[in-house]
Amino acid sequence: MQRHSVFHTVAIVLAIVLSGLSGTATAQTSSGSLYEELGSDAGISRIVDDTLLIVLQDPRIKEAFKDVNMKRLAGLLKEQFCEISGGPCRYSGDDMKLTHEGQDVSSAQFNALAEDVQIAMERLNISSSVQNKLIARLAPMKRDIVIRK
Ligand code: HEM
């Protein structure tokens, strides 16, 4: 938060709330898909790797990942981001509800992770409109990942 503007956080929260309201999480498969706008496999790979580096330094959430196999997690996140952005990959991991059950993830922690994804994209010079599209497709997962009220 210190290094990123409050505006950033507000934008993310807004994106999460709006997409939750409208439920627009459908992926496109045509050319010009979000997958391509993110830079296809290579671009998504960089986004995920950079995000996880940021997460591991983020005092709000790093503890949760201290015993996690980050290489495996990176591979699964790449598949997942590829699939939800309309790319050719298929996610092979466990479903979000099962995976995060027992992790006691709070709403604030979910927002922190979404913010870290956005910071990674910002550093990779991805446009805000493309950033917002990816965040909007992650946002509906909140209801499965955050169980705590
Ligand atoms: C947009 C938000 C998130 C997405 C898309 C996401 C996605 C994923 C995926 C794909 C996996 C791998 C599933 C598998 O092992 O088969 C995973 C695992 C995990 N996630 Fe999340 N996650 C999110 C938010 C969070 C948050 C906020 C936390 C905690 C602060 C968290 C904690 C974990 C942990 C600890 C694991 C490893 C579980 C294990 O290996 O036993 N996640 N997540």
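See the structure shown above.
Along every chain, residues carry numbers that run from 1 in the direction the sequence is written. For a predicted model such as this one, the threshold for reporting local features is a pLDDT of at least 70, and the threshold for listing and counting side-chain atom pairs is 80 or more; totals across whole chains, interfaces and linings nevertheless cover every residue. Side-chain metrics in this entry use all non-hydrogen atoms of the structure; hydrogen atoms and water are not considered.

**Comments concerning the overall build of the protein**
Each helix corresponds to a stretch of at least 4 residues labelled H or I by DSSP, and each strand to a stretch of at least 2 residues labelled E; elements are numbered beginning at the N terminus. Along the backbone of the protein there are eight helices and zero strands. Written out in order from the N terminus, the α and β elements of the protein read α-α-α-α-α-α-α-α. Think of it in three bands: with a 1.4 Å probe and only protein chains considered, a residue is buried below 20% of the maximum accessible area for its type, exposed above 50%, and partly exposed in between. Out of the 149 residues in the protein, the part that is buried amounts to 42%. For the protein, the proportion of contacts with a sequence separation of at least 24, taken over those separated by at least 6, is 76%. Any two residues whose heavy atoms approach within 4.5 Å at even a single point are treated as in contact.

**Concerning the site of the ligand**
Neighbouring the ligand are 22 residues, the closest being A64, R72, D94, T99 and H100. Here a polar contact means two N or O atoms within 3.5 Å. Within protein one must be a hydrogen donor candidate and the other an acceptor candidate, and residues neighboring in sequence count only if both atoms are side-chain atoms. A distance of 3.0 Å is found between an oxygen atom of the ligand and a side-chain nitrogen or oxygen belonging to R72. A pocket here means an open set of points on a 1 Å grid, computed over the protein atoms alone, that has protein on both sides within 12 Å along at least five of seven lines. A cavity is instead a set of points where a 1.4 Å probe fits but cannot get out; residues with an atom within 4 Å of a point line either one. For a cavity or pocket, the test is whether more than half of a molecule's atoms lie within 2 Å of its grid points; if they do, the molecule sits there. Taken atom by atom, the bulk of the ligand overlaps the largest pocket. If you list the elements that add at least two residues to the shell around the ligand, you get α4 (70-84), α5 (96-100) and α6 (107-123). For the shell around the ligand, the element with the most residues is α4, which contributes five residues. Following the grouping adopted for this structure description, the nonpolar residues are Ala, Val, Leu, Ile, Met, Phe, Trp, Tyr, Cys and Pro, the charged ones are Asp, Glu, Lys and Arg, and the polar ones are all others, Gly among them. Looking at the shell around the ligand residue by residue, the class counts come to 14 nonpolar, six polar and two charged. Working definition: residue near molecule or strand if any one of its non-hydrogen atoms lies within 4 Å of it.

**Observations regarding the nonpolar core**
In these notes, a set of buried Ala, Val, Leu, Ile, Met, Phe, Trp, Tyr and Cys residues joined through side-chain atoms within 4.5 Å is what counts as a nonpolar core. Core analysis: the largest hydrophobic core is formed by 33 residues, its most contacted members being L38, F81, V117, M121 and L134. Elements that contribute at least two residues to this core include exactly α2 (34-37), α3 (40-55), α4, α6 and α7 (128-138). When residues of this core are assigned to their parent elements, the largest contribution, seven residues, is made by α4. In contact with L134, other than residues within four places in its own chain, are L34, L38, F81, I84, V117 and M121.

**Concerning the packing of α6 against α7**
When two helices pack together, you describe them by how their axes are tilted relative to each other and by the distance separating the axes. The angle between two axes is taken between their N-to-C directions and runs from 0 to 180 degrees, where each axis is a line fitted to C-alpha atoms and a helix contributes only its stretch in contact. Between α6 and α7, the least distance of the axes is 10 Å, while the angle of their chain directions is 155°. It follows from the interaxial angle that α6 and α7 lie roughly antiparallel. Between α6 and α7 the crossing geometry is right-handed. Where α6 abuts α7, its residues F110, A114, V117, Q118, M121 and E122 lie against Q131, N132, L134, I135 and L138. Convention used here: angles under 35 degrees read as roughly parallel, angles over 145 as roughly antiparallel, angles from 65 to 115 as roughly perpendicular, and any remaining angle as oblique. Put simply, a crossing is left-handed when the front helix is turned counterclockwise from the back one by less than a right angle, and right-handed when it is turned clockwise.

**Structural notes on the side chain of Q80**
Secondary-structure assignment places Q80 in helix α4. The residues contacting Q80, other than those within four sequence positions of it, are Y91, M96 and M141.

**Side note on the environment of Q80**
We classify Q80 as buried; its relative accessible area is 7%. For the pair Q80 and S92, spaced 12 residues apart in sequence, the C-alpha separation works out to 8.1 Å.

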